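One letter stands for each residue in the lines below.
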Amino acid sequence: MIIKKLILKFLLQKKEKEPIKHKEINKILFIRNSKIGDAVCSFPILRELKINFPNSEIDIYAGRDNNFLFKKLPYCNNIFTKFRKRDSLKTWKQIRMMRDRKYDLVVEAVPMKFGTEFAVWYMNPRWTIGLGKFKDDNIN
């Protein structure tokens, strides 16, 4: 609804004037919790992240149906899982573990949804890059 859209716009989206400092990126979280084909298409992005930030740790926040794909990539350190709605407590535990990792950069390669945006806000990364646009079936 409109309330979700307003919360996303005014509360959850950071307005950073400070540019991303390449040397200060030590931990990266890449969010790709969509379908298997989309996960496979993100492999080149992950490779380029590792090339451009060779000393950084790259973690993945993937969906339950595609997390196995990232386990074989040599440049992915930790794989976190977004479970289905009925297992929301498991997802919340994963989000708390990601918050404890204290990411410098979060790359969202998914259409923005309220729950994902709220999770990123809770993790409180220094910088966030969103590659998707807002998508919610209830918002026009």
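Our subject is the structure that appears above.
This write-up is about the structure you can find in this document. Everything numeric here is computed off the predicted structure, so don't read it as measured data. (Residues numbered from 1 in each chain as written. Predicted model: local features only at pLDDT ≥ 70, side-chain atom pairs only at ≥ 80, totals over all residues. Heavy atoms only, no water.)

## A few points about the sheet that holds strand β2 (residues 57-63)
With parallel pairing, the 5 strands of this open sheet are ordered in space as β3-β2-β1-β4-β5. The sheet terminates laterally at β3 (79-82) and β5 (127-130), the two strands that pair on one side only. Neighbouring strand axes in the sheet, compared pairwise and without regard to direction, differ in orientation by 20° on average. Sheet topology places β2 next to β3; 4 bridges connect them, and they run parallel. Along β3, the bridge assignment pairs Gly63 with Lys82. Contacting β1 (27-32), β2 and β3, helix α5 (residues 88-101) crosses the sheet at an angle of about 145° to β3. (Pairing = 2+ DSSP bridges. Helix = DSSP H or I, 4+ residues; strand = E, 2+ residues; numbered from the N terminus. Axes fitted to C-alpha atoms, helices over the stretch in contact; angles between N-to-C directions. Contact = heavy atoms within 4.5 Å.)

## Brief notes about the pairing of β1
Within β1, 5 of the 6 residues are buried, which leaves it mostly tucked inside the rest of the structure. For β1 and β2, the ladder comprises 6 bridges, and the chain directions are parallel. Within β2, the residue paired with Ile28 across the bridge is Ile58. Summarising the sheet, β1 and strand β4 (residues 105-108) pair through 4 bridges and their orientation is parallel. Considered in β4, the bridge of Leu29 is made with Val106. (Buried < 20%, exposed > 50% of the residue type's maximum accessible area, 1.4 Å probe, protein only.)

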